[in-house]
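Survey of secondary and tertiary structure
Each chain, letter by letter, is given below.
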Amino acid sequence: MKKILVTGGAGYIGSHTAVELLNAGYEIIIVDNFYNSKPETIENIKKITNKDFLFYEGDVCDKKLLRKIFSENEIDAAIHFAGFKAVGESVAKPLMYYRNNIDSTLTLLETMQEFNCQKLVFSSSATVYGDPERLPIDEKCRLSVTNPYGATKLYIEGILKDLYISDNEWSIAILRYFNPVGAHESRLIGEDPNGIPNNLVPYIVKVANKELPYLNIFGNDYNTKDGTGVRDYIHVVDLAKGHLNSLNYILDHKGIDYYNLGTGKGYSVLELVKTFEKVNNVTIPYKIVDRRPGDIAVCYANPSYAKEKLNWEAKLGLESMLKSSYNFSKNTNHKKL
Ligand code: NAD
Ligand code: UDP
């Protein structure tokens, strides 16, 4: 059985991927410092899959810890989720973002090299396309970033490319996620940010649960079907399955490659709000406010390369995403924010 190290496996996307890996018969080892997650997620992954695995609590920037993990386990490949991900926070605390995201990646790569483990799946983001050159966005579109978080992803993509150029034995899949939403059908794992959420769906969920009074829609004067921003929302379970297919691929093929993981469909904020109301039978009060600085009008993927190379495509639709997000929230505590 192949052993896979999952960094940040207690987090939102990592926990869903851990479930898919265990269900597919992989052995996994998770390392996480719970900076943005909770210990109960580790227990919930075990509950969902009825499988056990090793967990190391600690920082991926800690070389001693990583050496310990690699010397205690014969690891075949790593999936690297650990990192900070809030765009606004990255503008306020750039050094913290560069330090954590880049340092954790360098520490992981150095340790992998030392232990002769050269297979990696990396979490990048559609944010590396900046204001997209064309739509739908394909992997050859020009790359540009507008904030420190995006810059960490672009730098890491560059580091991985240089590493591969230096040693063609590496197998690296760089996954550029579009907008992950939704939760596992068990309602045991999902996205539960602390405080006031930045992202649209977690914010709407808090409005639906009356933790927040109304949604602020950031602008209705974009050049889109109804003036509100358009994004490619992808169910986190589909996204997790994309990691499984990527892993299967890199275990058999050397090289470095880049894949858009999205559905290929764009929905506006208003369309999403209406769909949320309909499938969950709730009302979401909203106000139209100014555009959010740094937002782009439209972003959706051309996901055909992932289909061709990884035999992966998203299957779950917006209704399923929004139903599962709300269902998961019913299992968590609600307090007015
Ligand atoms: P998350 O915050 O839920 O998960 C990240 C996990 O990594 C958390 O459990 C956190 O505690 C852990 N972590 C962070 N730094 C660490 C460190 N130095 N050592 C050990 N553990 C550490 O985020 P997520 O949404 O699951 O995102 C996972 C990855 O995907 C991130 O790299 C993120 O940048 C990327 N990504 C996320 C999105 C999104 O919208 N969720 C979109 C594109 C890319
Ligand atoms: N958005 C909004 N109100 C919110 C949060 C987001 O209107 O409280 C809009 C945002 O302008 C964008 C879309 O919802 O058009 C998705 O934003 P999110 O932050 O979830 O993801 P992004 O694509 O910006 O990473």
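Per chain, the residues get numbers from 1 upward, laid out in the order the sequence is written. For this description, chains carry letters from A and ligands carry numbers from 1, given in the order in which they are written. At least 70 in pLDDT is required for a residue's local features to be given in this predicted model, at least 80 for side-chain atom pairs to be given and counted, and no such filter applies to totals for whole chains, interfaces and linings, which use all residues. Remark: hydrogens and water are excluded; side-chain values derive from all non-hydrogen atoms of the structure.

Things to note about unusual backbone geometry
Spelled out, the test is: In this text, helices come from DSSP runs of H or I with a minimum length of four residues, and strands from runs of E with a minimum of two, each type numbered from the N-terminal end.
The residue after Leu-135, namely Pro-136, is reached through a cis peptide bond having omega -10°. Tracing the sequence through the fold places Pro-136 in the loop between strand S5 (119–125) and helix H6 (148–166). Positive phi is not limited to glycine here, since Asn-50 has a value of about 55°. As for its position among the elements, Asn-50 is in the loop between helix H2 (39–49) and strand S3 (54–57).

Digging into the nonpolar core
Nonpolar side chains in soluble globular proteins generally cluster together in the buried interior. This is how it is decided: The term nonpolar core refers to a set of buried residues drawn from Ala, Val, Leu, Ile, Met, Phe, Trp, Tyr and Cys, joined through side-chain atoms within 4.5 Å. Think of it in three bands: residues with accessible area under 20% of the maximum for their type are buried, residues over 50% are exposed, and the middle band is partly exposed, with areas taken using a 1.4 Å probe on protein chains only. In this analysis, two residues are considered to be in contact whenever any of their non-hydrogen atoms come within 4.5 Å of each other.
Counting 38 residues, the largest nonpolar core has Ile-4, Leu-21, Ile-28, Ile-30 and Leu-247 as its most contacted members. For this core, the leading source of residues is helix H8 (residues 236–252), giving eight residues. In this structure, Ile-30 is in contact with Val-6, Gly-9, Ala-10, Ala-18, Ile-42, Ile-45, Phe-53, Leu-54, Phe-55 and Tyr-56, ignoring residues within four places of it in sequence. Judged by nonpolar contacts, the second largest core, of 27 residues, contains Phe-70, Ala-78, Cys-117 and Leu-163.

Structural notes on the site of ligand 1
Cut-off, in case you're wondering: Residues are labelled near a given molecule or strand when at least one of their non-hydrogen atoms is within 4 Å of it. In the analysis that follows, any N or O atom pair within 3.5 Å is treated as a polar contact, provided that within protein one partner can donate a hydrogen and the other can accept it, and provided that, for residues neighboring in sequence, both atoms belong to side chains. Values of accessible area rely on a 1.4 Å probe in the Shrake-Rupley scheme; residue burial ignores everything except the protein chains shown. Residue polarity is assigned by list, with Asp, Glu, Lys and Arg as charged and Ala, Val, Leu, Ile, Met, Phe, Trp, Tyr, Cys and Pro as nonpolar; anything else, Gly included, falls into the polar class.
Neighbouring residues of ligand 1: 26 residues in total, closest Asp-32, Asn-36, Ser-37, Asn-100 and Tyr-149. Tyr-12 is positioned with one of its backbone polar atoms (N or O) 2.8 Å from an oxygen atom of ligand 1. Separating an oxygen atom of ligand 1 from a side-chain N or O atom of Tyr-149 is a distance of 2.7 Å. In isolation ligand 1 offers 820 Å² of accessible surface; the protein chains occlude 95% of this area. Residue assignment for the shell around ligand 1 shows that the elements contributing at least two residues are helix H1 (12–23), S5 and H6. Its residues assigned to classes, the shell around ligand 1 shows 11 nonpolar, 11 polar and four charged.

Focus: the site of ligand 2
Around ligand 2 there are 14 residues in total, and Leu-200, Asn-216, Arg-231, Arg-292 and Asp-295 lie nearest to it. Within the side chain of Asn-199, one N or O atom sits 3.1 Å away from an oxygen atom of ligand 2. Separating an oxygen atom of ligand 2 from a backbone N or O atom of Leu-200 is a distance of 2.9 Å. Compared with its free state, where it exposes 510 Å², ligand 2 has 87% of that area covered by protein.

Regarding the pairing of S5
Spelled out, the test is: Strands are treated as partners if at least two bridges between them are detected by DSSP. For a crossover, the right-handed case is the one in which the path from the first strand over the helix to the second runs clockwise, viewed with the strands pointing away from the viewer.
For S5, a buried count of six out of seven residues is recorded, marking the element as mostly surrounded by other parts of the structure. As paired strands, strand S4 (residues 77–80) and S5 are joined by three bridges and run parallel to one another. Following the sheet pairing, His-80 is matched in S5 by Phe-122. Where S5 meets strand S6 (residues 171–177), seven bridges bridge the pair, whose relative direction is parallel. Its bridge partner lying in S6, Ser-123 is registered against Leu-175. As for the winding sense of the linkage, the β-α-β connection from S5 through H6 to S6 is right-handed.

Concerning the sheet that holds strand S2 (residues 27–32)
Quick note on the threshold: Orientation is described by axes fitted as lines to C-alpha atoms, over the contacting stretch for helices, and by angles from 0 to 180 degrees between their N-to-C directions.
Spatial strand order, S3-S2-S1-S4-S5-S6-S11: seven strands in an open sheet with parallel pairing. Edge strands, defined here as strands with exactly one partner in the open sheet, are S3 and strand S11 (255–261). Each adjacent strand pair in this sheet contributes to an overall mean axis angle of 15°, direction not counted. Note: S2 against S3, four bridges, orientation parallel. Following the sheet pairing, Asp-32 is matched in S3 by Glu-57. Lying over the sheet, H1 contacts strand S1 (3–7), S2, S4 and S6, oriented at roughly 165° with respect to S2. Lying on the sheet, H6 is in contact with S5, S6 and S11; it crosses S5 at an angle near 155°.

Brief notes about the pattern of salt bridges
Basically, it comes down to this: When a carboxyl oxygen of Asp or Glu lies within 4 Å of a side-chain nitrogen of Lys or Arg, that pair is called a salt bridge.
On inspection of all chains with the given rule, the structure shows 20 salt bridges. Ionic pairing is found between Asp-257 and Lys-309, a salt bridge with its closest N-O pair at 3.0 Å. Remark: Lys-309 occurs in helix H10 (residues 304–310) and Asp-257 occurs in strand S11; sequence separation between them is 52 residues. Owing to a relative accessible area of 17%, Asp-257 belongs among the buried residues under this scheme. For Glu-277, the salt bridge goes to Lys-274, with nearest N and O atoms at 3.6 Å. Remark: Lys-274 and Glu-277 occur in helix H9 (residues 269–280); sequence separation between them is three residues, near one turn of the helix.

As far as function goes, none of this settles anything; it's purely spatial.
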